[in-house]
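# Fold and geometry: a report
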Amino acid sequence: MDIRRFDIYRKIPKDLTQPTTAGAVISIICVGFITFMLFNDLMAYIRIDVKDEIIVDDPGREGKIDVRINVSFPYMECKYLGVDIQDENGRHEVGFVDHTQRIPIDNGRGCLFQSQFEINKVPGNFHLSTHSAASQPENPDVRHVIHSLTFGDDISEMALTGSYDPLAKKDVSVGVDGLNTHEYILKIVPSVYQDISGDVANSYQYTYGHRNFLQYHHTGQVIPAVWFKYELQPITVRHVEYRQSFYTFLTSVCAVVGGTFTVAGIIDSTFFTIHEMIKKQQLGKLT
């Protein structure tokens, strides 16, 4: 049995075909278009995209969130500053010291306060104040500059878009009374980022509101502080990196090549038919 009888792509002898100028132009345009489309499809296949979705979930370590804070106090000595942590689970920790650094600045007149600690996933607050100091300063002044406040995994090197550190570079060191207490209200949203290799970063985005006011201690003394009151939202934002499947890429390539050749063939055939009709009319053979 001759297997060639199953050939559905029968070949026409070259001497039975007729090249035309219009066909050459269409062919060149067709090849250029196919090359352009195949390049775009290849770039789309190589490129990593990010799919976003919102779900009701609670990612990350059970019940805990890492907090990293970095704040400068230009007018407060380091020996007076500390961080206090409270929440609705009954936690009340005054003067947290683990993973905390107090670095003197401006010849010791100010302080760069850095700390890393955990909070529970319940409403609460943490505040920077002089409450844990052995003695209170004569002229307390909590004007400050927030360099960074982040929650969850450290994603500073990932360059993600989103509201992961909106308080960065928040400057409240001028234009307000140093005795004022500052209160930041934070709405925290869990945010999961999964890269193309499957690694997952559990971080948190947040928005904030700010106000400052004069607050008196129960002794009648003014003891200012910087409060961060937080509340977690019951939704999670998921960002998942993905790449177009090879099957989709292959399907697109076939569609581009096949579709372009088909359309180009129809155009070429139309031009050729019109051209032949015009020639016959000129020769008086068109009836």
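Residues numbered from 1 in each chain as written. Predicted model: local features only at pLDDT ≥ 70, side-chain atom pairs only at ≥ 80, totals over all residues. Heavy atoms only, no water.

Under an unreviewed UniProt entry, the name given to the protein chain is Endoplasmic reticulum-Golgi intermediate compartment protein 1, and the organism recorded is Mesorhabditis spiculigera. Heading Subcellular location (unreviewed entry) of the UniProt record for the protein chain holds this comment: "Endoplasmic reticulum-Golgi intermediate compartment membrane". (UniProt positions renumbered as here; feature names shortened; annotations may be inferred.)

## A word on the overall build of the protein chain
Helices and strands together make up the secondary structure of the protein chain, namely two helices and 13 strands. Its C-alpha atoms give the protein chain a radius of gyration of 35 Å, more than 25% over the compact-globule value 19 Å for 287 residues. Projected onto its principal axes, the C-alpha coordinates of the protein chain cover approximately 115 × 50 × 35 Å. Taken across its 287 residues, the protein chain has 34% of its residues classed as buried. Of the roughly 17800 Å² of accessible surface on the protein chain, a fraction of 57% belongs to carbon and sulfur atoms. (Helix = DSSP H or I, 4+ residues; strand = E, 2+ residues; numbered from the N terminus. Rg over C-alpha atoms; globule rule 2.2 N^0.38 Å. Buried < 20%, exposed > 50% of the residue type's maximum accessible area, 1.4 Å probe, protein only. Areas by Shrake-Rupley, 256 points an atom, 1.4 Å probe, with all protein chains shown as cover.)

## Concerning the nonpolar core
Phe-126, Leu-149, Phe-151, Leu-186 and Phe-228 are the most contacted members of the largest nonpolar core, which totals 33 residues. Going through the elements one at a time, strand S2 (64-73), strand S3 (82-87), strand S6 (110-120), strand S7 (124-129), strand S8 (144-152), strand S10 (181-194), strand S11 (200-213) and strand S12 (226-232) are the ones with two or more residues in this core. In terms of residue count, S2 provides more of this core than any other element does, five residues in total. Setting aside residues no more than four positions away along its own chain, Leu-149 makes contact with Val-67, Arg-68, Ile-69, Phe-126, Tyr-164, Asp-165, Leu-167, Leu-186, Tyr-206 and Phe-228. (Core = buried A, V, L, I, M, F, W, Y, C linked by side-chain atoms within 4.5 Å. Contact = heavy atoms within 4.5 Å.)

## Let's talk about the pairing of S12
When S7 meets S12, the two strands line up antiparallel, connected through five bridges. If you follow His-127 over to S12, its bridge partner there is Trp-227. Taken together, the seven bridges between S10 and S12 define a ladder with parallel strand orientation. By the bridge assignment for S12, Lys-187 is matched with Glu-231. (Pairing = 2+ DSSP bridges.)

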